There are 2 protein chains.
Amino acid sequence: MSDLRSPAADRYGDPTVDLAAPNDVLRLQLAHRSVRRFGPRDVTEQELTTLIAAAQSAPTSSNLQPWSVVAVRDPQRKARLATLAGNQAFVAQAPLFLVWLADLGRARRLARRTGVEVGAADYLETTIIGFVDTALAAQNTVLAARSLGLGSVFVGAIRNRPVEVAAELNLPPHVVAAFGLAVGEPDPSENAGIKPRLPQAAVLHRETYDVDGADAHIPVYDERLTAYNERFGLTGDWSSRVLARLRGPESMGGRHRLREILLRLGLPSR
Amino acid sequence: MSDLRSPAADRYGDPTVDLAAPNDVLRLQLAHRSVRRFGPRDVTEQELTTLIAAAQSAPTSSNLQPWSVVAVRDPQRKARLATLAGNQAFVAQAPLFLVWLADLGRARRLARRTGVEVGAADYLETTIIGFVDTALAAQNTVLAARSLGLGSVFVGAIRNRPVEVAAELNLPPHVVAAFGLAVGEPDPSENAGIKPRLPQAAVLHRETYDVDGADAHIPVYDERLTAYNERFGLTGDWSSRVLARLRGPESMGGRHRLREILLRLGLPSR
């Protein structure tokens, strides 16, 4: 789907960008796209082991390792999770659906067995560590999958109905589904491309944050994303899509209740 | 620093683990370690451009791209940030210190210029998206750096004093430092190794979460981490270190105040 002369040019939707990608890591990263249509072959057990070893190799705050992951292959369970996650059919279509869990339960159980308090687990800071460390791990899996010829897509909508997801996966207290990741062989018939991102100058600051310098690059990005969307029969520039997505609680698929649900699941996030 | 026969064996501190790592992505991931001592050479501007392009290539929820990054090279500023981040000298010693920002300011400013409301930005869900997407991006940078021969270490202590960090970096409202990343050429004299992680069976579940099956693997891990720590003159197993780290608000370096500080910085996280 590349129209441009280099992976970096596609990444920015800008034919003047010509960035060296002198190794396979960079080439795979720059060419990343989400895959939402999967071929028939299964993800092997050996591949799954490799994907999780990659995840565990990511950095983690104070070696807390505050995450777990549930590998779902059962078609009925995948179908139920697809329904819970905003009725996204590719969740069921993927041979492997990984549900990544921010997991403070392991440490809480350890504390209970040992008879000590872990009051820090009550705080928002610790919940954030849980989500951040889960994300670092999962991003390693995304790239590891790509290196094995597999595609993937994150599923944030697994947070639409966290209580029901916890029941489906038999999660213990103090554990919440952070996001899903559908994994499988990319179906080459999928009509998808490398989505351009904001110009680098819009996100990279030097020494201090430069509001006007950064935001000046948004209009040209709006033009590039409009052109990209038109290739797929879609309308709208980046700005209008961001504003629609953030309009209000009604645009959040139920996720405006996350704080009260975290409390209910045993992550008080005070 | 490898004593064992494969990167995966080092990763798990278990000589019986023999996992195929059939490409450079996996080899670099499995061999990851944090680098806290840096050689004299600078990180070039071209390398910085590549690192940020890798970051921008990571997935992002609804293409929101809710993050920015400040590249700090000025020695005085690095020294001040090192002080704010728990007096960690390697922050100042690294040639490049990246401060990753969960950034809801870009969308808020867009809304203000357009004259619309973005009520969803008030919710914890959106703050979490900010932190998660920043983490996905930064993990790409960690591996991209490694592929260029650079090392790095995350600095969560940048959240110890977020208001002072925001002042130092001239952050606008609705933006918070999520974590730092010190980047530079690894100094080969650093006495560090590949830290073993929990056995895979402690974190990977099949179809549903299996509390007892997972937690049964913690004792052997405690033995492995004790052995690893002893190599570096440190004491303590994993369980005791986790419990100490999570003991209570006094063990959090000031970060128990994160919720009130987010509100003050314009991320109400309701």
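Structure first, text after, so check above.
Residue indices begin from 1 for each chain and proceed along its sequence in written order. By the order in which they are written, chains take letters starting at A while ligands take numbers starting at 1. Confidence filtering applies because this is a predicted model: local features only for residues at pLDDT of at least 70, side-chain atom pairs given and counted only at 80 or more, and all residues used for totals across whole chains, interfaces and linings. Each side-chain value is worked out from all heavy atoms of the structure, with water and hydrogens disregarded.

Right, let's talk about the packing of aromatic side chains for a bit. Residues and elements named next belong to chain A. A pair of aromatic rings is counted whenever rings of Phe, Tyr or Trp (Trp by its six-membered ring) have centres within 6.5 Å, and the orientation is called stacked for planes under 30 degrees apart, edge-to-face for over 60 and tilted otherwise. For the coordinates displayed, the defined rule picks out eight aromatic pairs over all chains. Geometrically, the ring pair formed by Phe154 and Phe179 is edge-to-face, given 5.1 Å between the ring centres and 85 degrees between the ring planes. On the criterion of sequence distance, the pair formed by Phe154 in strand β3 (residues 151-155) and Phe179 in strand β4 (residues 175-184) is long-range, its members being 25 residues apart. In terms of burial, Phe154 and Phe179 fall into one category: buried. Numbering goes from the N terminus for both helices and strands, where a helix is a DSSP run of H or I of at least four residues and a strand is a run of E of at least two. A 1.4 Å probe rolled over the protein chains alone gives each residue an accessible area, and that area as a share of the maximum for its type sets the label: buried under 20%, exposed over 50%, partly exposed in between.

Moving on: the sheet that holds strand β5 (residues 204-206) of chain B. Read from one edge to the other, the open sheet built from five strands follows the order β3(A)-β4(A)-β2(A)-β1(A)-β5(B), with strand pairing classed as mixed. Strand pairing shows two members of the sheet lacking a second neighbour, β3 of chain A together with β5 of chain B, which therefore form its edges. Looking at each pair of strands side by side, their axes are set apart by 25 degrees on average, direction ignored. Note: strand β2 (residues 96-103) of chain A against β4 of chain A, eight bridges, orientation antiparallel. Note on β4 of chain A: the bridge partner recorded for Leu98 of chain A is Leu181 of chain A. Whether two strands pair depends on DSSP finding at least two bridges between them. Whenever a helix is involved, its axis is fitted only over the stretch in contact; in every case the axis is a line through C-alpha atoms, and angles between N-to-C directions fall within 0 to 180 degrees.

Before going further, it helps to spend a moment on the pairing of strand β1 (residues 67-72) of chain B. Counting buried positions along β1 of chain B gives six out of six residues, so the element sits mostly inside the fold. Side-chain alternation along β1 of chain B places Trp67, Val69 and Ala71 of chain B on one buried face and Ser68, Val70 and Val72 of chain B on a second face that is also buried. Looking at chain direction, strand β5 (residues 204-206) of chain A and β1 of chain B are connected through three bridges and run parallel. Considered in β1 of chain B, the bridge of His205 of chain A is made with Val70 of chain B. In this structure, β1 of chain B lies alongside strand β2 (residues 96-103) of chain B, joined through six bridges in antiparallel fashion. Looking across to β2 of chain B, one finds that Val70 of chain B is bridged to Val99 of chain B.

Among the residues of helix α12 (residues 238-245) of chain B, those classed as buried are Trp238, Ser239, Val242, Leu243 and Arg245 of chain B. The buried side chains of α12 of chain B occupy one side of the element, clustering within an arc of 165 degrees when seen end-on. Whether two residues touch is decided by their heavy atoms; if any such pair falls within 4.5 Å, the residues are in contact. Elements in contact with the buried residues of α12 of chain B: α6 (105-114) and α7 (124-147) of chain A together with α11 (218-231) of chain B. Backbone nitrogen of Ser239 of chain B and a side-chain oxygen of the N-cap are separated by 3.5 Å at the start of α12 of chain B; the cap is Asp237 of chain B. This arc corresponds to the set of directions leading from the helix axis out to the C-beta atoms. Throughout this description, a polar contact denotes any pair of N or O atoms lying within 3.5 Å of each other; where both atoms belong to protein, one of them has to be capable of donating a hydrogen while the other can accept it, and for residues adjacent in sequence the pair is counted only when both atoms sit in side chains.

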